[in-house]
Amino acid sequence: QVQLVESGGGLVQTGGSLRLSCAASGRTSSVYAMGWFRQAPGKEREFVAAIRWTLGGTYYTDSVKGRFTISRDNAKNTVYLQMNSLKPEDTAIYICAAGRRIVPDTSDWTNYDYWGQGTQVTVSS
């Protein structure tokens, strides 16, 4: 089992920045990739970004490319999501996920096995 705890959400104005953290504990040696998803009210869960834990490859949805950066600190078993130039449409609950399986598509939420509780990000206009 892997436990995930997110932090760093909050309220920010358009154009502002936030950094989300996701601390993993438990059998972290089994993790292949970690990702961030988001879900806004009335909308489906949406892929935001992912990182392969050992190889370090990163992936982003088009709407956040150039604004968001995913990174990891293997020693701390923590993944970060640096969010810059935030827009009102980025408002959502951001949820961290970890996957054990070696899969080509890190944007598919069904490829993840463990989920955090989520942290609210609100961007005011």
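Report on the accompanying structure.

Calculation criteria
Residues numbered from 1 in each chain as written. Predicted model: local features only at pLDDT ≥ 70, side-chain atom pairs only at ≥ 80, totals over all residues. Heavy atoms only, no water. Helix = DSSP H or I, 4+ residues; strand = E, 2+ residues; numbered from the N terminus. Buried < 20%, exposed > 50% of the residue type's maximum accessible area, 1.4 Å probe, protein only. Pairing = 2+ DSSP bridges. Core = buried A, V, L, I, M, F, W, Y, C linked by side-chain atoms within 4.5 Å. Salt bridge = Lys/Arg side-chain N within 4 Å of Asp/Glu carboxyl O. Axes fitted to C-alpha atoms, helices over the stretch in contact; angles between N-to-C directions.

### Remarks on unusual backbone geometry
Next, step 1: A positive phi angle, close to 50 degrees, is found at Asn77, a residue other than glycine.
Next, step 2: Tracing the backbone through its elements, the reader meets Asn77 in the loop between β7 (68–73) and β8 (78–83).
Next, step 3: In this structure, Ser85 takes a positive phi of about 50 degrees despite not being glycine.
Next, step 4: Tracing the backbone through its elements, the reader meets Ser85 in the loop between β8 and β9 (92–99).

### Quick word on the pairing of β9
Where a strand is regular, its side chains alternate between the two sheet faces.
Next, step 1: By the criterion of burial, β9 is predominantly enclosed, with seven of the eight residues buried.
Next, step 2: The sheet contact formed by β9 and strand β11 (residues 119–124) spans three bridges and is antiparallel. Residue Tyr94 lies in a different strand from β11, and its bridge partner there is Thr119.

### Here's the deal with the nonpolar core
What tends to happen in soluble globular proteins is that the nonpolar side chains get buried as a cluster.
Next, step 1: In terms of nonpolar packing, the biggest core is built from 29 residues, with Leu4, Met34, Trp36, Leu81, Met83 and Tyr94 touching the most fellow members.
Next, step 2: Mapped onto this core, the elements with two or more residues apiece are β1 (2–7), β3 (18–26), β4 (33–39), β5 (46–52), β7, β8, β9 and β11.
Next, step 3: By size, the runner-up hydrophobic cluster in this structure holds five residues, among which are Phe37, Phe47, Ala50 and Tyr112.

### Details of the pattern of salt bridges
Think of it this way: side chains of opposite charge can pair up when their charged atoms draw near.
Next, step 1: Inspection of the entire model under this criterion finds six salt bridges.
Next, step 2: Among the salt bridges present, the one from Arg38 reaches Asp90, with a minimum N-O distance of 3.0 Å. On the criterion of sequence distance, the pair formed by Arg38 in strand β4 and Asp90 in the loop between β8 and β9 is long-range, its members being 52 residues apart.
Next, step 3: One network of salt bridges, with partners in common, ties together Arg38, Glu46, Arg67 and Asp90.

### Describing the sheet that holds β3
Next, step 1: Within the open sheet, the four strands sit side by side as β1-β3-β8-β7. Their pairing is antiparallel. Here the strands that pair on one side only, and so sit at the sheet edges, are β1 and β7. Neighbouring strand axes in the sheet, compared pairwise and without regard to direction, differ in orientation by 15 degrees on average.
Next, step 2: Inspection of the sheet shows β7 paired to β8 by six bridges, in the antiparallel sense. Within β8, the residue paired with Arg72 across the bridge is Val79.

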